[in-house]
Amino acid sequence: MKLIPLPISAVLLLAIMGCGPKATPIGPGFIYQPDEREQRLWAANRDHSTTIINSGVVYKDPDLHSYVQSVLSKVIGHHEIAYLPLRPNVIIIDAPAVNALSLAHGDIVIHTGILGRIRNEAQLAMLLGHEVSHATHRHLYLELEQKYSSSGAYSYISVLSVIGGSNVHNLVEGLSRIMVMAAITGYSREKEAEADRVGLTLMAQASYDPREGSKMFEAMLDAADKKDKEWNFFYSTHPKMESRVQSARQLLRELPTELLSQANEIGEARYLKHAIKLIHNEVERHVAQGKYALAEKTLGFLSMSRPEDSATFALMGDLYRSRATSGDDQRSADAYVRALTIDSGCANAHKGLGFHYGKKGQKIQAIEHLKAFLEIAPSAADSSYIRQYVEKLSSGN
């Protein structure tokens, strides 16, 4: 991907304007000199990363991980050596919250919930640029320095000593403590605005269309469940998402015209190629949770972007069959038929139609499709149940 040249001084000028308490950013043109407390912070965060990796919550998709890491490398550009000892690294965890966070030593923890809402590579680049900016500009360190000044060394060190347990609850609790500023006051509006500003600039330098930056925040806002405790924890003390959208739009207007004219990469097809399995998994999760509107919106997008994807239409059938409002029965059947028109070997479409016909008492058609499902996916997790259902339909009971 072509990188658009922009003087480093211009990026740094954008990065440091309007900030509160400052620390020299980590990156080109500066010598990083951490004090003992920051070294402790890095050590504690490395332990947290190890805990996450060993906890069983890491999303198991090596291809997706490599892809997201490659986009991060593009966002950073050709200056990776200049960021040492910071080594930005992506960790994807299987968690429904629409969130991501950056640890002090450079690891970026991304929830599947936010990747399921992102629509293209440019939006991913904005997310990564924003999060890596928290690390390069040492925001966690600065927040904890403020706590150190007001509460004393014991409180500071006690925060750093907390390590999450081996399950998701303890893991989130541990991370929330090490990021005590999120639990109490959140990053200041100035620091969040700085991360937005630097992230937008980095994505544009990497040729990504910065207009997608505000759309990334719109996706977060659209997916947020304000009744969810995790949503309240992560966002209630941050600048409101509506404000973040408006801020990103204002920052867009401040970018140099020359940069805007050349930054037009969106990368929708590339993103969907690597993330489609995860997005489908998130849709399944939303259907199971009864978040039908959110699932329907995602499937509507996918049906337009990938009209030959049978799995998308099979999921659409599952959505309508589960929602079961007026007209959904026919919508469900139509979606399954559409999936089988695209791919006659779509196992889940056969299963869905089998249940559809079984419910209507059309046993011959139901058995035909359910047997097709079992032939295509004999080892499916629900294959035993499907066999029993076929036997029941065949026996006439």
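Residues numbered from 1 in each chain as written. Predicted model: local features only at pLDDT ≥ 70, side-chain atom pairs only at ≥ 80, totals over all residues. Heavy atoms only, no water.

Help me get a handle on the pairing of strand β3 (residues 107-111), residues and values and all.
Of all five residues in β3, five are buried, a share of seventy percent or more. Of the two faces of β3, both are covered, the one formed by D107, V109 and H111 as well as the one formed by I108 and I110. Two elements, strand β1 (residues 89-93) and β3, share five bridges in a ladder whose sense is parallel. Paired with V90 across the bridge in β3 is I108. Where strand β2 (residues 100-102) lies against β3, three bridges are found, and the strand directions are antiparallel. (Buried < 20%, exposed > 50% of the residue type's maximum accessible area, 1.4 Å probe, protein only. Helix = DSSP H or I, 4+ residues; strand = E, 2+ residues; numbered from the N terminus. Pairing = 2+ DSSP bridges.)

Hey, could you go over the nonpolar core for me, with residue numbers and the actual values?
Ranked by internal contacts, the top residues of the largest apolar core, which has 80 residues, are L64, V68, I110, L115, L124, L128 and Y271. When sequence neighbours within four positions are dropped, the list of residues in contact with L128 reads V68, V71, L72, V90, I108 and I110. L370, A377, I386 and L393 belong to the second largest nonpolar core, which has twelve residues in total. (Core = buried A, V, L, I, M, F, W, Y, C linked by side-chain atoms within 4.5 Å. Contact = heavy atoms within 4.5 Å.)

Go over the confidence of the model for the protein chain with me, naming the residues and quoting the values.
Low-pLDDT stretches of the model should not have their predicted coordinates read in fine detail. On average, residues of the protein chain score 82 in pLDDT, and 79% of them reach the 70 mark or higher. pLDDT under 50 marks residues 1-21. Its contacts with residues more than four places away, or in other chains, come to 48 contacts. Here residues 153-169 is modelled with pLDDT under 50, and outside its nearest four sequence neighbours on either side it reaches 38 contacts, counting other chains as well. (pLDDT = per-residue confidence, 0-100.)

I'd like a description of the environment of L294, backed by residues and values.
As for its position among the elements, L294 is in helix α16 (residues 292-305). Sequence spacing of L294 and V283 is eleven residues, and the spatial spacing of their C-alpha atoms is 8.1 Å.

Requested: an account of the sheet that holds β2, with residues and values cited.
The three strands are arranged β1-β3-β2 in an open sheet whose pairing can be described as mixed. Of all the strands in the sheet, just β1 and β2 have a single pairing partner and so form its edges. Pairs of neighbouring strands in the sheet enclose a mean axial angle of 20°, with direction left out of account. Strand contacts of helix α2 (residues 36-54): β1 and β3, with the helix running at about 40° to β1, the strand carrying the most contacts. Packed on one face of the sheet, helix α3 (residues 62-76) meets β1 and β3 and runs near 140° to β1. (Axes fitted to C-alpha atoms, helices over the stretch in contact; angles between N-to-C directions.)

Provide a residue-level description of the packing of aromatic side chains, including the pertinent values.
Using the criterion set out here, one finds four aromatic pairs in the structure. Judged by centre distance (6.4 Å) and plane angle (5°), the rings of Y385 and Y389 are stacked. With Y385 and Y389 both in helix α21 (residues 383-395) and four residues apart, the pair spans about one turn of that helix. (Phe/Tyr/Trp six-rings, centres within 6.5 Å; stacked < 30°, edge-to-face > 60°.)

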